[in-house]
Amino acid sequence: MRKLRAKRVVIKVGTSTLVYPDGSINLRAIDQLAFVISAMRHRGREVVLVSSGAIGVGLNYMGLKQRPKAIPEQQAVAAIGQTELISIYKERFAVYEQKIGQLLLTRDIFVYPKSHHNVLNTFDALLAQNIVPIVNENDTVAVDELDHETKFGDNDQLSAIVATNIGADLLIMLSDIDGFYDGNPNGDAAANLLPHIETVTQHTYELAGGSGSRFGTGGMITKLKAAERMLKADGQMILANGEDPSIIFQILAGEPVGTLFG
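Everything numeric in this text was worked out from a predicted model, so none of it was measured.

About the thresholds
Residues numbered from 1 in each chain as written. Predicted model: local features only at pLDDT ≥ 70, side-chain atom pairs only at ≥ 80, totals over all residues. Heavy atoms only, no water. Pairing = 2+ DSSP bridges. Helix = DSSP H or I, 4+ residues; strand = E, 2+ residues; numbered from the N terminus. Contact = heavy atoms within 4.5 Å. Axes fitted to C-alpha atoms, helices over the stretch in contact; angles between N-to-C directions. Salt bridge = Lys/Arg side-chain N within 4 Å of Asp/Glu carboxyl O. Buried < 20%, exposed > 50% of the residue type's maximum accessible area, 1.4 Å probe, protein only. Patch = residues over 30% accessible without salt bridge, like charges linked within 9 Å, V, L, I, M, F, W, Y side chains within 5 Å. Areas by Shrake-Rupley, 256 points an atom, 1.4 Å probe, with all protein chains shown as cover. UniProt positions renumbered as here; feature names shortened; annotations may be inferred.

## Some thoughts on the sheet that holds strand S7 (residues 170-175)
Right, so step 1: In space, the 8 strands of this open sheet follow the order S3-S4-S2-S1-S7-S11-S12-S10, with mixed pairing throughout. For this open sheet the edge positions go to strand S3 (100-105) and strand S10 (196-197), each flanked by a neighbour on one side alone.
Right, so step 2: Sheet topology places strand S1 (residues 8-13) next to strand S2 (residues 46-51); 6 bridges connect them, and they run parallel. Considered in S2, the bridge of valine 9 is made with valine 47.
Right, so step 3: Of the strands in this sheet, S1, S2, S3 and strand S4 (132-137) are in contact with helix H5 (residues 113-128), which crosses S3 at around 165 degrees.

## Considering the pattern of salt bridges
Right, so step 1: Taken as a whole, this structure holds 6 salt bridges when the rule is applied.
Right, so step 2: Taking the shortest distance from any N to any O, the salt bridge between glutamate 46 and arginine 8 comes out at 2.7 Å. Here arginine 8 lies in strand S1 and glutamate 46 lies in strand S2, a separation of 38 residues in the sequence.
Right, so step 3: The exposure class of glutamate 46 is buried, given its relative accessible area of 18%.
Right, so step 4: Judged by relative accessible area, which is 14%, arginine 8 ranks as buried.
Right, so step 5: For arginine 92, the salt bridge goes to glutamate 91, with nearest N and O atoms at 3.6 Å.
Right, so step 6: By relative accessible area, which is 23% here, arginine 92 ends up partly exposed.
Right, so step 7: Put simply, Arg8, Glu46 and Asp124 are held in one network by salt bridges that share partners.

## Topic: a nonpolar patch on the surface
Right, so step 1: Taken together, Tyr61, Met62 and Leu64 make up a surface patch of nonpolar side chains, about 310 Å² in accessible area.
Right, so step 2: With respect to the helices, strands and loops of the structure, leucine 64 is situated in the loop between helix H3 (54-62) and helix H4 (71-95).

## Describing the UniProt feature "binding site: substrate" (unreviewed entry) in the protein
Right, so step 1: Annotation from UniProt places "binding site: substrate" (unreviewed entry) at Ser52, Asp139 and Asn155.
Right, so step 2: As for its placement among the helices and strands, serine 52 is situated in the loop between S2 and H3.
Right, so step 3: We classify serine 52 as buried; its relative accessible area is 10%.
Right, so step 4: Excluding anything up to four places from it in sequence, serine 52 contacts Lys12, Val13, Gly14, Thr15, Leu18, Leu85 and Asn155.
Right, so step 5: Counting through the fold element by element, asparagine 155 comes out in helix H6 (residues 155-165).

What follows is the structure, given as structure tokens:
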């Protein structure tokens, strides 16, 4: 059995968990996620959810088959999708008598001392009131322009930045892969799942391959960077398959699912 520190937990869920490959919304997964997190809260754990999916949900809502190429159009789709996504979350969490709050962040919030202080106070206040913060990047304003960097780049990095800043013990990253392999499991039948990685090295990065869908932006490299950030902050991270979010129960029980970093 794994030994995990899990009093304050950040859960990052990828677009592949929330949106089917055909673009339709995976309502079952969202409901299961709400159930699991509500159960965690009722057992006294503090939980923050970092949720991708705004653009994927927006594409579905607008009946679009392809992500627009122009940045302003992508931002518009994200704005539409974010309202739809948070509405679904609110409805499903309410079934389990769990309140939520929404935080849309840009990277500069963690750079400037006053905004950094304010956002940490917001997290603490929400968690103290038994509310689950649901976090996403503010895609409508997040762009890299000159020396004013506002964009996290992807929600893998966002989840790790949030986790390390709020002092989370554990980051659970749910993706479309079972964990970290020593090869590409999609093309190499001999690829092995590595259950435990103590340190992220250059060799670890060399083993990493790309992944992702047309709806998401993450890949294995970004997940390794998130794990490295957590380890430097003396935290832990688990990468696991989010197809069925109830896997979180197995993770918290110490069962050897996914890959544990730390």
